[in-house]
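Observations on the three-dimensional arrangement
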Amino acid sequence: MASPQGLKAPLEFGGPLGAAALMLLLPATALHLLLAARSGPARLLGPPAHLPGLSELWNPRVLLLLLTWLGLQAALYLLPARKVAEGLELKDKSRLRYPINGFQALMLTALLVGLGISAGLPLGALSEVLLPLAFVATLTTFIFSFLLYMKAQVAPASGLAPGGNSGNLIYDFFMGRELNPRIGFFDFKYFCELRPGLIGWVLINLALLLQETELRGSPSLAMWLVNGFQLLYVGDALWYEEAVLTTMDITHDGFGFMLAFGDLVWVPFTYSLQAQFLLYHPQPLGLPRALLICFINAVGYYIFRGANSQKNTFRQNPSDPSIAGLETIPTATGKRLLVSGWWGMVRHPNYLGDLIMALAWSLPCGVSHLLPYFYFFYFAALLVHREARDELQCLQKYGRAWHEYCQRVPYRIVPYIY
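Note that the coordinates shown come from a computational prediction; the quantities given were computed from them, not determined experimentally.

Here the focus is the pattern of salt bridges. If you walk through the whole model with that rule in mind, you get 13 salt bridges. Here Arg 389 makes a salt bridge to Glu 12, at a shortest N to O gap of 2.7 Å. With Arg 389 in helix H15 (residues 374-398) and Glu 12 in the segment before helix H1 (15-38), this pair connects stretches of sequence that are 377 residues apart. For Glu 12, a relative accessible area of 18% corresponds to the buried category. Between Lys 93 and Glu 89 there is a salt bridge, with the nearest N and O atoms lying 3.6 Å from each other. A single salt-bridge network, built from bridges that share partners, covers Arg 347, Glu 387, Glu 391 and Arg 412.

Given below as structure tokens:
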């Protein structure tokens, strides 16, 4: 991949026109899903049953609520960490340091929320302001992305991202110019990647569960499953927080509107879609079907965690006894590629586990509506696009060794299918 100092990287997402379209389409889709979930027909496709006016979208108190939440998570980020990890080597040969305290932030947030609920905090009422909350979060993201773009104007060339410096304002605003925008020790991209959005997703789910309890006397089994499955996923991401330091988001992508909107708006407001749907469209769920859904989620998690743990162990200590017997392919970079174990089954086994879990999250919502399955279909498209980007990076990095790996492991995500 060409660097900012050399040849320009090829434009993604359809270039400036595609970036501009996505900056309109993504917020509109998020608001459409929020409206559809609470409407009677709950249609995924087609116009919403009701178009909100500005008075329904804009609420200064909701903006204050959002800023308070961001401030709380920023304060938790700055607390002493159980570990401080180094990122990968940058162009100037330096390594940034990151606090590994995301799980700690989740636990402290849970403690504060629990104390608040016991003191009478009406958390369930959060479900009633999701629409204006998503709206002000979107406005905040646009402003935040503008500030990030301006900050990148004074960033050194070694701190710029490979793909966000095309010279086109719209495209670079969307992709992000600076790779690791920071003020002191506070890394904005790393903070947003796993903190306010992921923990906010869990909080929204809990608010919807509490609101269902208030409306119907007790939460449904389907709501319990959705909350439990997604809490496990978020807890896993924060417990293994250090693994994010080697992902493409951190090592390659600039921090602009694309990642900021995804972290702060898309994740909390669209990933909670199943719980939103269940609040307004309760679904009967018997114990046998619930156990089957739990089994599906467990299989997905087993593949997801097994593949990621194997990869992370291999990166940190290739001689670890748990992976010492796995077959590898040497590369010109001096690194080796796993070609057995989980990574000998398909090229992206963690994505396979992710997709199975995504299906399990939707199944408690029944099969009468397409809306709760939006996440599954969207996530499948996202992972196909992401694996294409991953493979291009690997091809450029490993060359012939990657060709050999692809011949040995022909399937990308789903064995014998894709």
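With that out of the way, let us pick up the layout of surface pockets. As a volume, the second largest pocket reaches approximately 570 Å³. Mapped by element, the contributors of at least two residues to the lining of the second largest pocket are helix H3 (60-77), helix H4 (102-118), helix H8 (196-216) and helix H11 (257-270). Of the residues forming the lining of the second largest pocket, the biggest block, six residues, is contributed by H3. Tallied by class, the residues present in the lining of the second largest pocket amount to 20 nonpolar, four polar and no charged.

So, about the domain arrangement of the protein. We note that the domain assignment places domain 1 (16-44 + 54-89 + 96-282) and domain 2 (283-417) within the protein. Put simply, the middle of domain 1 and the middle of domain 2, counted by C-alpha atoms, are 23 Å apart. Counting residues at the interface gives 31 residues for domain 1 and 31 residues for domain 2. Across the domain 1 to domain 2 interface the summed buried area is about 3000 Å²; carbon plus sulfur atoms make up 68%. By the criterion of area lost to domain 2, the three top residues of domain 1 are Phe 229, Tyr 233 and Gln 274, representing 21% of everything that side buries. Where domain 1 touches domain 2, the interface holds two salt bridges. For the salt bridge of Arg 305 with Asp 236, the shortest nitrogen-to-oxygen distance reads 2.7 Å.

With that out of the way, let us pick up the UniProt feature "transmembrane region" (unreviewed entry) in the protein. Taking the UniProt record as the reference, the feature "transmembrane region" (unreviewed entry) is found at residues 60-79, 100-123, 129-150, 255-273, 285-304 and 355-384. Taken as a whole, residues 60-79 contains 90% helix and 0% strand, while its terminal C-alpha atoms sit 29 Å from one another. Spanning residues 355-384, this segment combines 63% helix with 0% strand, and its end C-alpha atoms are found 11 Å apart.

Below, the discussion takes up the state of the cysteines. All told, the structure shown has zero disulfides when counted by the stated rule. Cys 294 forms no disulfide, and the closest cysteine sulfur to it belongs to Cys 365, at a distance of 14 Å. Accessibility expressed as a relative area gives 29% for Cys 294, which makes it partly exposed. Cys 394 carries a free sulfur, and the closest cysteine sulfur to it, the one in Cys 406, is 8.3 Å from it.

Here is what the cut-offs are and how they apply
Residues numbered from 1 in each chain as written. Predicted model: local features only at pLDDT ≥ 70, side-chain atom pairs only at ≥ 80, totals over all residues. Heavy atoms only, no water. Salt bridge = Lys/Arg side-chain N within 4 Å of Asp/Glu carboxyl O. Helix = DSSP H or I, 4+ residues; strand = E, 2+ residues; numbered from the N terminus. Buried < 20%, exposed > 50% of the residue type's maximum accessible area, 1.4 Å probe, protein only. 1 Å grid on protein atoms, 1.4 Å probe; cavity = no way out; pocket = protein on both sides within 12 Å on 5 of 7 lines; lining within 4 Å. Points joined across faces, edges and corners; volume = space filled by probe spheres on them. Nonpolar A, V, L, I, M, F, W, Y, C, P; charged D, E, K, R; others polar. Domains from an automatic or database assignment. Contact = heavy atoms within 4.5 Å. Buried area = accessible area lost by both parts, 1.4 Å probe. UniProt positions renumbered as here; feature names shortened; annotations may be inferred. Disulfide = S-S within 2.5 Å.

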